[in-house]
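# Descriptive analysis of the structure
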Amino acid sequence: MATHTHPATRSSGWTTFAAVLMTVGGVLAVFQGIAAIAKDDVIVETRNYSFSWSTTGWGWIHVILGAVIFLAGLALFTNALWARFLGVLLAGLSMLANFVWLPHYPLWSIVVIAVDIAIIWALCAGPQRSDR
């Protein structure tokens, strides 16, 4: 006789996908922030960009946001509804932060924005219910 996990506590494939992306992305954002804080000359900056903050300030934003995204990604594995809402909110904030980070690391920022779009889509798609 097969045992089945209750559907309310088991995460769907898309939720697990979003959770994995958020945990990995959160760790990478923390490392990105640490790199910006530790050594400003590893960042390539362009002149006359309309959003001009110090790279150290942006580094701290990425460290804090990355840590929160990582924790929210772990919470998504429980399939809690609040974690789904928080995941969408944090992916949106990450998109905004990486949009402003574009002049420092354009290619990486575009990749992270695309991953954030995938996270939002996966969380909004929701778990599929079966009638089995």
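Notes on the structure in this doc start here. From a predicted model like this one, the values you see are computed outputs, not experimental measurements. (Residues numbered from 1 in each chain as written. Predicted model: local features only at pLDDT ≥ 70, side-chain atom pairs only at ≥ 80, totals over all residues. Heavy atoms only, no water.)

### Remarks on helix α4 (residues 106-125)
Rules: Comment: elements are numbered from the N terminus, with helices defined as DSSP H or I runs of at least four residues and strands as E runs of at least two. A helix is expected to span 1.5 Å for every residue after the first. Per-residue accessibility, obtained with a 1.4 Å probe over protein chains only, is compared with the maximum for each type, and a residue is labelled buried under 20%, exposed over 50%, and partly exposed between these values. A contact between two residues is defined here by any heavy atoms of the two lying within 4.5 Å.
Here α4 spans 29 Å end to end across 20 residues, near enough to the 28 Å set by a 1.5 Å rise per residue. Along α4, the positions that sit buried rather than exposed are S109, V112, I113, D116, I119, A122 and L123. Residues of α4 that are buried sit in contact with α1 (13-38), α2 (55-76) and α3 (81-100).

### Quick look at the side chain of S109
The residue S109 is located in helix α4 in this model. Look at S109 and you get buried, because its relative accessible area is 0%. Apart from residues lying up to four places away in sequence, S109 is in contact with N98, W101 and L102.

### Some thoughts on unusual backbone geometry
Positive phi values are uncommon outside glycine, yet N79 reaches one of about 65 degrees. Among the secondary structure elements, N79 is positioned in the loop between α2 and α3.

### A look at the layout of surface pockets
Convention followed: The rule is simple: put a 1 Å grid over the protein atoms alone, call a set of points where a 1.4 Å probe fits but cannot get out a cavity, call an open set with protein on both sides within 12 Å along at least five of seven lines a pocket, and count a residue as lining if it has an atom within 4 Å of a point. Grid points are joined across faces, edges and corners, and a volume is the space filled by probe spheres set on the points. Each residue receives one of three labels: charged for Asp, Glu, Lys and Arg, nonpolar for Ala, Val, Leu, Ile, Met, Phe, Trp, Tyr, Cys and Pro, and polar for the others, Gly being one of them.
The computed volume of the second largest pocket comes to approximately 280 Å³. Forming the walls of the second largest pocket are 22 residues, and the residues nearest its centre are G25, G26, V112, V115 and D116. Looking at the lining of the second largest pocket, the elements with two or more residues in it are α1, α2, α3 and α4. Grouping the amino acids of the lining of the second largest pocket by side-chain chemistry returns 14 nonpolar, seven polar and one charged.

### A few points about the packing of aromatic side chains
Condition: Ring pairs shown here join Phe, Tyr and Trp side chains whose ring centres sit within 6.5 Å, with only the six-membered ring taken for Trp; geometry is labelled stacked below 30 degrees between planes, edge-to-face above 60, and tilted in between.
Here the structure, examined in full by the defined rule, presents two aromatic pairs. The interplanar angle of 85 degrees and the centroid separation of 5.7 Å between the aromatic rings of W14 and F17 together place this pair among those described as edge-to-face. One end of the pair, W14, and the other, F17, are both in helix α1, three residues apart, so they sit about a helical turn from each other. With a relative accessible area of 39%, W14 lands in the partly exposed category.

### A look at the environment of F17
What makes F17 partly exposed here is its relative accessible area of 36%. C-alpha of F17 to C-alpha of L76: the two residues are 59 residues apart in sequence and 9.7 Å apart in space. In this structure F17 touches A118 and A122, once residues within four positions along its chain are discounted.

### Some remarks on the packing of α3 against α4
Test applied: Inter-axis angles, ranging from 0 to 180 degrees, are taken between N-to-C directions of lines fitted to C-alpha atoms, where helices are fitted over the stretch in contact. We call two directions roughly parallel when the angle between them is under 35 degrees, roughly antiparallel when it is over 145, roughly perpendicular when it lies between 65 and 115, and oblique otherwise. Throughout, a crossing is termed right-handed when the near helix is turned clockwise from the far one, and left-handed when it is turned anticlockwise from it by less than a right angle.
Where α3 meets α4, the closest approach of the two axes is 9 Å, and the angle between their N-to-C directions is 160 degrees. The angle between α3 and α4 falls in the class roughly antiparallel. Crossing angle aside, the handedness with which α3 passes α4 is left-handed. For the pair α3 and α4, contact is made by R84, G87, V88, A91, G92, S94, M95, N98 and F99 and by S109, V112, I113, D116, I117, I119, I120, A122, L123, C124 and A125, respectively. Broken down by class, the residue content of the contact of α3 with α4 amounts to 13 nonpolar, five polar and two charged.

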